[in-house]
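Here are the chains, one letter per residue:
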Amino acid sequence: MAGRRSLPEVDLTCPVCCDIFRDPVVLKCTHSFCAPCLQQYWSRHQRSRDCPLCRTQSVDDPVSSLTLKNLCESYLLEHEGPEEAESSSSEAAGELYCDPGEMCLVHGEKLKLFCRAEEEPICVVCHTSRKHKQHDCCPVSEAVVDVKEKMRSALSSLKEKRDAFDKMKKNYEDTVEHIQVQARYVERRTHEEFEKLHNFLHAEEEAKMEALKREEKQKSDEMKQKIEEMERKISSVSESMRVLEEEMALEGISVLHNCKNTLARANRPIEDPVMAPGALIDVAKYFGPSMFRVLKEMHEITKYTPVTLDPNTAAPWLVLSDDLTSVRDSEEKQKLPDNPERFDPDTAVLGREGFSSGKHAWDVHVGENTAWVVGVAKESVQRKKKVSSVLNNGYLCVYYYHNMYFAGTSPLTRLGLKKSPQRIRVLLDCDKGRVSFYDPQNDTNIYTFKHAITERVLPYFWVGCQKCPLTVEPVKVCLKAVEHC
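What counts as what
- Residues numbered from 1 in each chain as written.
- Predicted model: local features only at pLDDT ≥ 70, side-chain atom pairs only at ≥ 80, totals over all residues.
- Heavy atoms only, no water.
- Patch = residues over 30% accessible without salt bridge, like charges linked within 9 Å, V, L, I, M, F, W, Y side chains within 5 Å.
- Areas by Shrake-Rupley, 256 points an atom, 1.4 Å probe, with all protein chains shown as cover.
- Salt bridge = Lys/Arg side-chain N within 4 Å of Asp/Glu carboxyl O.
- Helix = DSSP H or I, 4+ residues; strand = E, 2+ residues; numbered from the N terminus.
- Buried < 20%, exposed > 50% of the residue type's maximum accessible area, 1.4 Å probe, protein only.
- Expected span 1.5 Å × (residues − 1).
- Arc of directions from axis to C-beta.
- Core = buried A, V, L, I, M, F, W, Y, C linked by side-chain atoms within 4.5 Å.
- Phe/Tyr/Trp six-rings, centres within 6.5 Å; stacked < 30°, edge-to-face > 60°.
- pLDDT = per-residue confidence, 0-100.
- Contact = heavy atoms within 4.5 Å.
- Axes fitted to C-alpha atoms, helices over the stretch in contact; angles between N-to-C directions.
- Left-handed = near helix turned anticlockwise from the far one by under 90°.
- Nonpolar A, V, L, I, M, F, W, Y, C, P; charged D, E, K, R; others polar.
- 1 Å grid on protein atoms, 1.4 Å probe; cavity = no way out; pocket = protein on both sides within 12 Å on 5 of 7 lines; lining within 4 Å.
- Points joined across faces, edges and corners; volume = space filled by probe spheres on them.
- Polar contact = N/O pair within 3.5 Å; in protein donor to acceptor, adjacent residues only side chain to side chain.
- Pairing = 2+ DSSP bridges.

**Some words on a nonpolar patch on the surface**
Thought 1: On the surface, Val237, Met241 and Ile270 cluster together into a nonpolar patch covering about 270 Å² of accessible area.
Thought 2: Considering the arrangement of structural elements, one finds valine 237 in helix α6 (residues 140-248).
Thought 3: Exposure remark for valine 237: the relative accessible area of 32% places this residue in the partly exposed category.

Set out below in structure tokens:
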């Protein structure tokens with residue numbers, strides 16, 4: 001291109017873009033370039049500021065050449081006309097002043113394609129290079145639409161995650177409030193239970209003090225009577241002694257006149273004073289067996305149930321009693337934390353203590369409840385999804401539903417009970433892998449599962465009746481001393 005130009009035109013041509021100077025600048029080495037061409041050159045090669053022709057390092061900033069700029073503008077007006085010169089100047093300026101980020105750093109061409117394989121914009125020359133020749137490419141405009149769609153999808157996903165985090169944060173805040181409610185509930189129940197024991201012990205103490213006072217008064221009154229009796233005897237003996245002393249003071253025959261009566265009175269038999277048995281307070285009776293009796297009576301006022309319901313597993317629709325021994329269904333869903341242990345939506349609750357060995361038993365009063373499930377469940381059962389309480393899902397239970405009894409086998413086993421039990425006794429033998437259900441009223445076996453207990457199981461209760469609760473019945477606890485024969 002330069003070879004076809006006249007000498008004056010060559011002198012007005014930029015060595016980088018090979019076109020008439022646009023905004024010419026001159027370096028210290030006297031070489032001139034278009035200002036945008038020089039900046040792109042320095043940016044593209046990422047080296048120190050050197051001259052593209054002689055490689056002389058340029059410390060100072062380029063200086064604009066007003067004379068050269070005027071010559072170039074005059075040349076364009078002379079050879080191309082005003083409109084063409086202005087149009088050519090505008091197009092060239094647009095190309096020269098394009099954003100460096102839109103130019104290929106390797107080939108200096110505008111980035112017009114997008115390599116999907118490398119996920120980077122490339123120029124037309126890059127597309128024909130060995131690196132990108134076999135890659136799938138598309139126009140930048142199409143790539144922008146695709147990338148923005150991916151960004152829009154990513155933004156939507158992030159919004160969903162943020163919403164999930166907001167929801168979990170709210171759940172945590174609700175959990176903090178519920179923890180405080182639980183703490184106050186435990187405080188109240190603990191005060192009530194210990195207040196009951198305090199009142200019982202205080203009454204026992206008062207009764208014992210009253211008995212002690214009665215015995216003290218009785219024994220003291222008896223001793224006072226004995227003292228009065230001794231005082232009378234002392235007075236009688238003293239009087240006999242005085243008479244003898246007076247008679248002994250007489251002389252001669254006068255002593256003999258009353259000696260018979262005097263000696264008879266003095267020699268009258270008098271019992272020796274003896275301390276009666278049982279005079280002291282029976283101190284020992286207020287200790288030992290007495291305290292043991294108090295302990296036995298405490299057992300009578302403190303109920304023991306072999307299963308305590310765990311409120312942290314109870315579905316939000318269930319209502320538990322204050323002592324955590326009974327549960328019923330309700331229409332109102334309570335505001336409770338959605339913790340992992342809680343059943344939801346299934347209206348179920350587990351016992352607090354789990355079992356993996358040994359024998360265990362408990363009675364459940366079902367009464368007139370019209371929809372219930374009683375048995376045991378593996379600790380790993382699904383709690384956030386409504387599933388059937390059957391053996392395949394980790395349950396060993398019996399059902400009562402629509403006036404029919406079933407065993408939770410797969411499929412369900414219909415149980416032909418002749419009499420509706422008021423109570424269900426659950427007998428769990430972890431070592432033998434047996435879960436048996438009985439009617440304790442007549443000791444009739446309802447059903448027995450023979451299934452190995454390979455993980456911890458917990459008492460399980462499902463209730464669908466609002467009128468009659470399921471209640472774990474207390475058991476009688478005997479306190480007795482061990483006798484060594």
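**Looking at helix α9 (residues 289-301)**
It helps to recall that an α-helix has 3.6 residues per turn; residues three or four apart then point in one direction.
Thought 1: For α9, which comprises 13 residues, the first-to-last C-alpha distance of 19 Å matches the rise-based estimate of 18 Å (1.5 Å per residue) to within 8%.
Thought 2: Within α9, the full set of buried residues consists of Ser290, Val294 and Met298. Along the long axis of α9, the arc covered by the buried residues comes to 90 degrees, so they all point the same way. For α9, the exposed residues set more than 90 degrees away from the buried face come down to Pro289 and Glu300.

**Side note on the nonpolar core**
In globular proteins that are soluble, nonpolar side chains generally tend to be buried together.
Thought 1: Within the largest apolar cluster, 53 residues are counted, with the highest numbers of intra-cluster contacts made by Trp362, Trp372, Tyr460, Phe461 and Leu470.
Thought 2: Ranked by size, the runner-up nonpolar core spans 18 residues in total, among them Leu12, Phe21, Leu27 and Tyr41.

**Points about the packing of aromatic side chains**
Thought 1: According to the stated counting rule, one finds nine aromatic pairs in the structure shown.
Thought 2: Here the aromatic rings of phenylalanine 355 and tryptophan 362 are separated by 6.0 Å at their centres, their planes lie at 25 degrees, and the arrangement is stacked.
Thought 3: Judged by relative accessible area, which is 12%, phenylalanine 355 ranks as buried.
Thought 4: By relative accessible area, which is 2% here, tryptophan 362 ends up buried.

**Considerations on the pattern of salt bridges**
Thought 1: Scanning the entire structure with this criterion turns up 25 salt bridges.
Thought 2: Between lysine 233 and glutamate 229 there is a salt bridge whose closest N-O contact spans 3.5 Å. Of this pair, lysine 233 and glutamate 229 both sit in helix α6, four residues apart, which is roughly one turn of the helix.
Thought 3: A relative accessible area of 28% places glutamate 229 in the partly exposed class.

**Some details on the confidence of the model for the protein**
Thought 1: Mean pLDDT over the protein: 86, with 93% of residues reaching 70 or higher.
Thought 2: Confidence over residues 1-7 falls short of pLDDT 50; this stretch has seven contacts with residues more than four positions distant or in other chains.
Thought 3: Within the model, the stretch residues 90-97 combines pLDDT values under 50 with eight contacts to residues more than four positions away or in other chains.

**Quick word on the packing of α6 against α9**
Thought 1: Relative to each other, α6 and α9 sit at 145 degrees, their axes nearing to 11 Å. Helix-helix and strand crossings are classified by hand; for α6 and α9 the assignment is right-handed. Along its contact with α6, which presents Lys196, Leu197, Phe200, Leu201, Glu204 and Lys208, the element α9 presents Ser290, Met291, Arg293, Val294, Glu297, Met298 and Ile301.
Thought 2: Looking at the contact of α6 with α9 residue by residue, the classes come out as seven nonpolar, one polar and five charged.

**Observations concerning empty space enclosed by the protein**
Thought 1: If you walk through the whole model with that rule in mind, you get two cavities of 30 Å³ or more.
Thought 2: Those elements giving two or more residues to the lining of the second largest cavity turn out to be β12 (395-401) and β13 (404-407).
Thought 3: In terms of residue class, the lining of the second largest cavity is built from ten nonpolar, no polar and no charged.

**Quick notes on the environment of arginine 423**
Thought 1: Here arginine 423 shows up in strand β15 (residues 423-429).
Thought 2: A C-alpha to C-alpha distance of 9.5 Å links arginine 423 and valine 472, two positions 49 residues apart in sequence.
Thought 3: Looking at arginine 423, its side chain comes within polar contact range of the side chain of aspartate 363, at 3.4 Å.
Thought 4: There is a polar contact of 3.1 Å between the side chain of arginine 423 and the side chain of glutamate 473.

**Topic: the sheet that holds strand β7 (residues 318-320)**
Thought 1: As summarised here, the arrangement of the seven strands in space is β7-β8-β19-β10-β15-β16-β17, forming an open sheet in which the pairing is antiparallel. A strand with exactly one partner marks an edge of an open sheet, and here the two such strands are β7 and β17 (444-450). Put simply, the sheet's adjacent strands are angled 20 degrees from each other on average, direction ignored.
Thought 2: Where strand β10 (residues 359-365) meets strand β19 (residues 470-472), two bridges bridge the pair, whose relative direction is antiparallel. Within β19, the position partnered with valine 364 by the bridge is valine 472.

**What to know about the layout of surface pockets**
Thought 1: Roughly 1100 Å³ of internal volume is contained in the largest pocket.
Thought 2: Lining the largest pocket are 36 residues, with Tyr185, Ser321, Asp322, Asp323 and Leu324 sitting closest to its centre.
Thought 3: Of all elements in the fold, only α6, β7 and β19 reach the threshold of two or more residues within the lining of the largest pocket.
Thought 4: Among the elements that take part in the lining of the largest pocket, α6 stands out by supplying nine residues, more than any other.
Thought 5: Taken together, the residues of the lining of the largest pocket sort by class into 16 nonpolar, eleven polar and nine charged.

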